[in-house]
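Tertiary structure, described
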Amino acid sequence: MTPDRPSVRRIADRIGVSAATVSRVLNDKPGVAEHTRTRVLAAIREQGMVAPAPVGQPFVGIIVPELENPAFALLAGAVEARLSQYGVTALIGSSTKHGPTELDYIETLLRRGIEGLVLVSGRHANPEADHGFYWHLHGKHVAMVLVNGGVPGLPVSTVTTDEAAGAAMAVAHLHSLGHTRIALAGGEEFYRPSRHRLAGYRAAMTATFGGCDDALYVESTYSITGGQAAARRLLDAGATAIITGSDLMALGAISAARESGRHVPTDISVVGYDDSYLAAHSDPPLSTIQQPIEQMSTAIATAMWQQLQGYHAPHVDHRFAPRLVARASTGAPPQTPPPKTRPLASNT
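Residues numbered from 1 in each chain as written. Predicted model: local features only at pLDDT ≥ 70, side-chain atom pairs only at ≥ 80, totals over all residues. Heavy atoms only, no water.

So, on to the nonpolar core. Looking at soluble globular proteins, one finds that nonpolar side chains tend to be buried together. The biggest cluster of nonpolar side chains holds 40 residues, and the ones touching the most others in it are V171, I182, Y201, L234, I242, I243 and V270. Put simply, the parts of the chain that give this core at least two residues each are α7 (163–176), β6 (182–186), α8 (192–209), β7 (217–219), α9 (224–236), β8 (241–244), α10 (247–259) and β9 (269–274). Leave out the neighbours within four places in its chain, and V270 touches I242, T244, A250, A253, I254, V264, L286, S287, S329 and T330. Core analysis: the second largest hydrophobic core is formed by 28 residues, I62, A90, A299 and F320 among them. (Core = buried A, V, L, I, M, F, W, Y, C linked by side-chain atoms within 4.5 Å. Buried < 20%, exposed > 50% of the residue type's maximum accessible area, 1.4 Å probe, protein only. Helix = DSSP H or I, 4+ residues; strand = E, 2+ residues; numbered from the N terminus. Contact = heavy atoms within 4.5 Å.)

All right, on to the sheet that holds strand β1 (residues 59–64) then. If you walk across this open sheet you meet the 6 strands as β2-β1-β3-β4-β5-β11, and the pairing is parallel. The two strands at the open ends of the sheet, each matched to only one other strand, are β2 (89–94) and β11 (317–320). Averaged over all pairs of adjacent strands, the angle between strand axes in this sheet comes to 15°, irrespective of strand direction. By the bridge criterion, 3 bridges tie strand β4 (residues 143–147) to strand β5 (residues 157–161) in an arrangement that is parallel. In the sheet register, V145 faces β5, and the bridge partner there is S157. On the sheet, helix α6 (residues 132–139) packs against β3 (116–120) and β4 and is oriented at approximately 145° with respect to β4. (Pairing = 2+ DSSP bridges. Axes fitted to C-alpha atoms, helices over the stretch in contact; angles between N-to-C directions.)

Such coordinate-based values are descriptive only and should not be taken to indicate function.
In structure tokens form, the structure reads like this:
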């Protein structure tokens, strides 16, 4: 008979190996130590299963916070493409604030016999969150790669960009154009990437100008509306340039600038983060910090494949260098005071 994946999981849990190892034995593939193969075959016989019997391609899940953000969609698609080159089937899910959570997706995938998980900006990106379930997954030998954060002590590979360096690059670029009132519209501070960008921004501002004006930093959401709300406050604070936490936030900042009668980049310069497909086609084309999606997706897929194959590869913290892409949304600061922000219409 053909073994189902839950049976594979039960066998893996019973003898303390990964589901990928059991799958390799069932498929009669190499790469499994002989004593481990013997234990797996014995457990298979005890379960009344027949071996070897193919169970199909390895099956992994890729969970991102949202697919509305083109940066997450681009990364998930790139990882899926890399995994397919290894013969791995991937299912992409988004854990939105008002839909299924990361934990909901993981539990569903576990019931379907998932062998590995690529988790992007999930609970592991929040240092204050409960990380117990990640340890539970590790104990069940589920292969994992964590993106944009990690769990202290958990022996799994992580992949991220140097967020602090990216923020510093943006400050240096704007300073080179003559700006001194450089602001940051950052994402929610419970995310590690947001904290790292804020740290990089503050360090760069201190090194360049001797300090930071607290009025030039606003925490907001990684969205167009979040960028709009943050930019309104930063424009009122006298910013001549705004660094944002994402390209979506940058589009919101540009919209807020236009609402106030300002032009980009004549009156206000804007820098995004990610270099999603929106950046080059926005109006004006967006200067942004580019995440190396190709390198990141290759590292993620390679780390996952090695775990699925049962290799005892070292768990690596991959941190990739971002790159500044200068386009038309940044320029010299205005020579005359910017126009006052238009008041919002009264509801009374």
